[in-house]
Each structure stands twice: as C-alpha cells, then as structure tokens.
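What the coordinates show
Take a look at the letters that make up each chain.
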Amino acid sequence: MKRVIILLLIMMLYEMANAQFYIGLRDSKYAFVGYEWNSGWNIKLDQSIFDEGFKNQYIRCTGKYQGHIRHFDFTMSSFAGTTYNDSFYDLGASIKGTYHPLKWLGIGAEINPRYDSGYKYETCYMLGTDFYINDEIALLAQYNTIPEYRISEKRAKVGLRFTVNNLTVSPMLSLPIEGNAKALRVLVGFQYEFPKRNR
C-alpha cells in the first residue's frame, strides 16, 4: 500500500512539474487563479471583487480543455458558481473556437448554455474577430450576449490585446445595443503565467 501511495505522489509531482500556474483579472470584477497542464486540461477558480460585503461575493470553479488543430484553436469548459450567502447559483458550459485563415486574422465564435437560479436557462453566444497588428498587439471586435455579471445583454465590444512574454492584457469597451443596459462599460482583463521551474 505504501508503494502505491508513493507512486501516486511521484505521478502527481511529475504532473505539477509539467503544469503552468497563472493569475489574472476578468471583466474588471473577477480575480482568478488557475492551473494548466501540458495535456491541455485546465482548472480555474474565480473570485468576485465587487464593492460589496464578503457574503455577497461570488465564487466560481471552471474546468476546461483546450486544443489546436492546424489553423483552429478550441476550448471546451464547464463551470459552477455561487455567492457566499447562497442568494443565487449558476452553472453552465462553453464551447469556443477560433479559426485563423490568415496570419493577421482570427474569426471566433462561442456558445454558452447556462442556468441561473434567478434567471433560469439561457443560451448565450459570442461572435468576434481578432486583427493581429503584430505578434504582441491584436485589435478585437465582438458581438456578445454572454453575461458580464448575471444578466444576458446584447453588447458590442471593441478593444485591444497586448501580449508580452507571459503577460496578456486586454482593455475593452462594452457598448449596449438594446434592452435594459444603458451604460458604457470599460472592462480590463489580464493573465500572467508564472514561468515553469527548470527541471
């Protein structure tokens, strides 16, 4: 039995050595930490940073697989989240793909079936393009109904993505198209991947 436990620990340490730890910010309101294995599997924990008390904060766990086939990048994920005071919970999945027909162009789409305990089931989606100015800067344009908070809204997003070494920063403007949303939002996201240790 001890040999089995030792073997499992060695396998876990090997997998950890072949993984990438990262931190970041999503939509200006959610801090996250994550762990990505070389196999393409990924686990992430989001924590809201709302201007509210702790019991009203939101936490979400996401499992994801990402891959690449020729000119096509894709991710598949599922998530579940709740507030600390159990005022609501949500869960769902996402399938996202980006096709790169040219070196300077990416065409993407995402479908996001989701259930919110207060707003019930919705199927949300995103359509977008990435224009690569160079290896470090891309111009982004999207039509998006995936909630930035809880409510699905029809919004247009434009912005930039800067990538330098292990850091990616994405400032975006989110503009309402119709519905109850009236405000222009400035959203900032970033992700920093910690360098792997040399083995």
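Refer to the structure presented above.
Source: prediction; values computed, not measured. Sequence positions are assigned chain by chain, starting from 1 and proceeding in written order. Only residues with pLDDT of at least 70 get local features here, since the model is predicted, and only at 80 or more are side-chain atom pairs given and counted; chain-wide, interface and lining totals rely on the full set of residues. The side-chain quantities take in all heavy atoms of the structure and omit both hydrogens and water.

So, the side chain of Arg60
Examined against the element boundaries, Arg60 turns out to sit in strand β4 (residues 58-69). Whenever two N or O atoms come within 3.5 Å, that pair is a polar contact, provided that in protein one can donate a hydrogen and the other can accept it, and provided that, for residues adjacent in sequence, both atoms are side-chain atoms. Within the local environment of Arg60, its side chain forms a polar contact with the side chain of Tyr58, the two groups lying 3.1 Å apart. In what follows, a contact means two residues having at least one pair of non-hydrogen atoms within 4.5 Å. The residues contacting Arg60, other than those within four sequence positions of it, are Arg26, Lys44, Leu45, Asp46, Phe79, Ala80, Gly81, Asp90 and Arg114. Secondary structure follows DSSP: runs of H or I at least 4 residues long count as helices, runs of E at least 2 residues long count as strands, and numbering of each begins at the N terminus.

Here's the deal with a nonpolar patch on the surface
Without a salt bridge and with relative accessible area above 30%, a residue can belong to a patch; like charges are then joined within 9 Å and nonpolar side chains (Val, Leu, Ile, Met, Phe, Trp, Tyr) within 5 Å. Only the protein chains shown count as cover for residues, and all accessible areas are computed by the Shrake-Rupley method using a 1.4 Å probe. Salt bridges are defined as contacts in which a side-chain nitrogen from Lys or Arg sits within 4 Å of a carboxyl oxygen from Asp or Glu. On the surface, a nonpolar cluster with roughly 470 Å² of combined accessible area is contributed by Val158, Leu173, Leu175, Leu184, Val186 and Val188. Of all the secondary-structure elements, those providing two or more residues to the nonpolar patch are β11 (167-176) and β12 (185-193). By secondary structure assignment, the location of Val186 is in strand β12.

Some thoughts on the packing of aromatic side chains
Between rings of Phe, Tyr and Trp, where Trp is taken as its six-membered ring, a pair exists when centres lie within 6.5 Å; planes separated by under 30 degrees are stacked, by over 60 edge-to-face, and by other angles tilted. The final tally for this structure, using the stated rule, is 14 aromatic pairs. Ring plane angle 15 degrees and centroid distance 6.4 Å describe the contact between Trp104 and Phe131, whose orientation is recorded as stacked. Separated by 27 residues along the polypeptide, Trp104 in the loop between β6 (89-102) and β7 (105-116) and Phe131 in strand β8 (residues 120-132) bring together distant segments of the chain. Exposure is judged per residue with a 1.4 Å probe applied to protein chains only, and the accessible area is read against the type maximum: over 50% gives exposed, under 20% gives buried, and values in between give partly exposed. A relative accessible area of 45% means that Trp104 is categorised as partly exposed. With a relative accessible area of 33%, Phe131 lands in the partly exposed category. For the pair Tyr192 and Phe194, a centre-to-centre distance of 5.1 Å together with 85 degrees between the ring planes defines the contact as edge-to-face. You can call Tyr192 partly exposed: its relative accessible area is 28%. Following the ring pairs from residue to residue traces out a cluster consisting of Tyr30, Phe50, Tyr58 and Phe88.

Quick word on the pairing of β8
Here, any two strands with at least 2 DSSP bridges between them count as paired. Where β7 meets β8, twelve bridges bridge the pair, whose relative direction is antiparallel. Across the sheet, Pro113 pairs through a bridge with Thr123, a residue of β8. Linkage of β7 to β8, two consecutive antiparallel strands, is achieved through a turn of three residues. Sheet analysis places β8 next to strand β9 (residues 137-144), joined by seven bridges and oriented antiparallel.

By themselves these figures say nothing about function.
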